[in-house]
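Given next are the chains, with one letter for each unit.
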Amino acid sequence: MALSLPDHWLWDHWIADDGERYHLFFLRASRALHNPQRRHWRASLGHAVSEDARTWELLPDALVHSDGPAFDDQAIWTGSTVVGADGRLRVFYTGISRAEGGMVQRIGWADSADGVTFRRTCAEPLVADDRWYETWNPSYPWDEAWRDPFVFKHDDGRWHMLITARARGVDRLHGGVIGHAVSDDLDHWEVLAPLTEPSVFGHLEVSQSRTIGEQHLLVFSCGADMQAEPGPGGVWVAEGGGPLGPWDMGRARYVRPEHLYAGQVLPLREGRWVFTGFDQGVDGRFVGVAPDPVPWERVELVAR
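Residues numbered from 1 in each chain as written. Predicted model: local features only at pLDDT ≥ 70, side-chain atom pairs only at ≥ 80, totals over all residues. Heavy atoms only, no water.

Caption draft 1: The arrangement of the sheet that holds strand 7 (residues 105-112) in detail. If you trace the four strands from one edge of the open sheet to the other, you get 5-6-7-8, paired in antiparallel fashion. Since the sheet does not close on itself, it has two edges, and those belong to strand 5 (75-83) and strand 8 (119-120), each with one partner. Sheet analysis places strand 7 next to strand 8, joined by two bridges and oriented antiparallel. Among the inter-strand pairings, Ala110 is bridged to a residue of strand 8, identified as Arg120. (Pairing = 2+ DSSP bridges. Helix = DSSP H or I, 4+ residues; strand = E, 2+ residues; numbered from the N terminus.)

Caption draft 2: Broad picture of the pattern of salt bridges. Here the structure, examined in full by the defined rule, presents 17 salt bridges. Residue Asp143 pairs with Arg166 through a salt bridge whose shortest N-O separation is 3.2 Å. One end of the pair, Asp143, is in the loop between strand 8 and strand 9 (146-153); the other, Arg166, is in strand 10 (residues 159-166), with 23 residues separating them in the sequence. Across the pair Arg147 and Asp148 runs a salt bridge whose closest N-O atoms are separated by 3.7 Å. Each member of the pair, Arg147 as well as Asp148, is classed as buried. (Salt bridge = Lys/Arg side-chain N within 4 Å of Asp/Glu carboxyl O. Buried < 20%, exposed > 50% of the residue type's maximum accessible area, 1.4 Å probe, protein only.)

Caption draft 3: Just the packing of aromatic side chains, in detail. Under the counting rule described, the total for this entry stands at 16 aromatic pairs. For the ring pair Phe25 and Phe118, a centre distance of 5.8 Å and an interplane angle of 80 degrees mean the geometry is edge-to-face. In this pair, Phe25 is assigned in strand 2 (residues 22-30) and Phe118 in the loop between strand 7 and strand 8, connecting sequence segments 93 residues apart. Judged by its relative accessible area of 9%, Phe118 falls in the buried class. Between Trp236 and Tyr254 the ring centres are 5.6 Å apart and the planes differ by 65 degrees, which places this aromatic pair in the edge-to-face class. Note that Trp236 is positioned in strand 15 (residues 235-240) and Tyr254 in strand 16 (residues 253-256), a separation of 18 residues in sequence. Like Trp236, the residue Tyr254 is buried in the burial classification. The ring of Phe286 carries Arg39 above its face, with NZ or CZ at 4.1 Å from the centroid. Over the aromatic face of Tyr22 sits the side chain of Arg269, whose NZ or CZ is 4.2 Å from the ring centroid. (Phe/Tyr/Trp six-rings, centres within 6.5 Å; stacked < 30°, edge-to-face > 60°. Lys NZ or Arg CZ within 6 Å of the ring centre and 35° of its normal.)

Caption draft 4: Just the side chain of Asp72, in detail. Looking at where Asp72 falls in the secondary structure, it is placed in the loop between strand 4 (57-63) and strand 5. Take Asp72: its relative accessible area is 1%, and that puts it in the buried class. At a separation of 2.6 Å, a polar atom in the side chain of Asp72 contacts the side chain of Ser66. Among the polar contacts listed, one links the side chain of Asp72 to the side chain of Tyr93, at a separation of 2.6 Å. Aside from chain neighbours lying at most four places away, what touches Asp72 is His65, Ser66, Tyr93, Gly95, Ile96 and Arg120. (Polar contact = N/O pair within 3.5 Å; in protein donor to acceptor, adjacent residues only side chain to side chain. Contact = heavy atoms within 4.5 Å.)

Shown next, in the form of structure tokens:
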């Protein structure tokens, strides 16, 4: 699944299978920005397709920022994709706006009937509920975390969304939680209390709930700069009692090699599971490519 673009950096990415083709979605930004740290404020959502999840055909971008004013008129960030029974694709994504200088994150969605052209279909974005979650305060030098929607259908028949969020009233290096919302139709969402308690992680980014065999896993990312007890890992895995937890955050293990980030555990056809993440590079040099995935059974999980 390796993908490298000569004129763009790419980073967070995920995959969806419509039964005929795999769809790879990825954040991308022009290398003409020169400094890769600027990529976050210029990100669009790239799109490629493949029959084997290895050789990719690049398609037009799935989404770019809105003209505005809108909640997503500055950049498009990470999300997930749901494939409907009719083959339609719905991309859930994070948007940031120029109105707050990109400091507030909100969640929207867009649909495609042909698997190529996506049109925004959310009447209003999904926003953080301050009963449980920290919301933006202009006097704070940090943003409002409400991003990376991961949507899946649970055994209860409802759709569930896991969200990168911060707990209200908790210091930043302990405040990372898995936000939670539910829906019966994918259009109307109710925000609920978080699924995790504050821990040593300041962020639980790009989270996924995956059931592999008898194991219920929460996969998330958190760099050493966002941990109350810094460790070498970037991608983490916590085991739990079910697809909605509870997960044992105290015993979360990190993935080696440590230079990968925004880790994804992905189901391919014939029951295969693979692991991928974007290559941050080493020695401070950002690479900005999506490497080939590795079989999940070959991934090394290391205790703190």
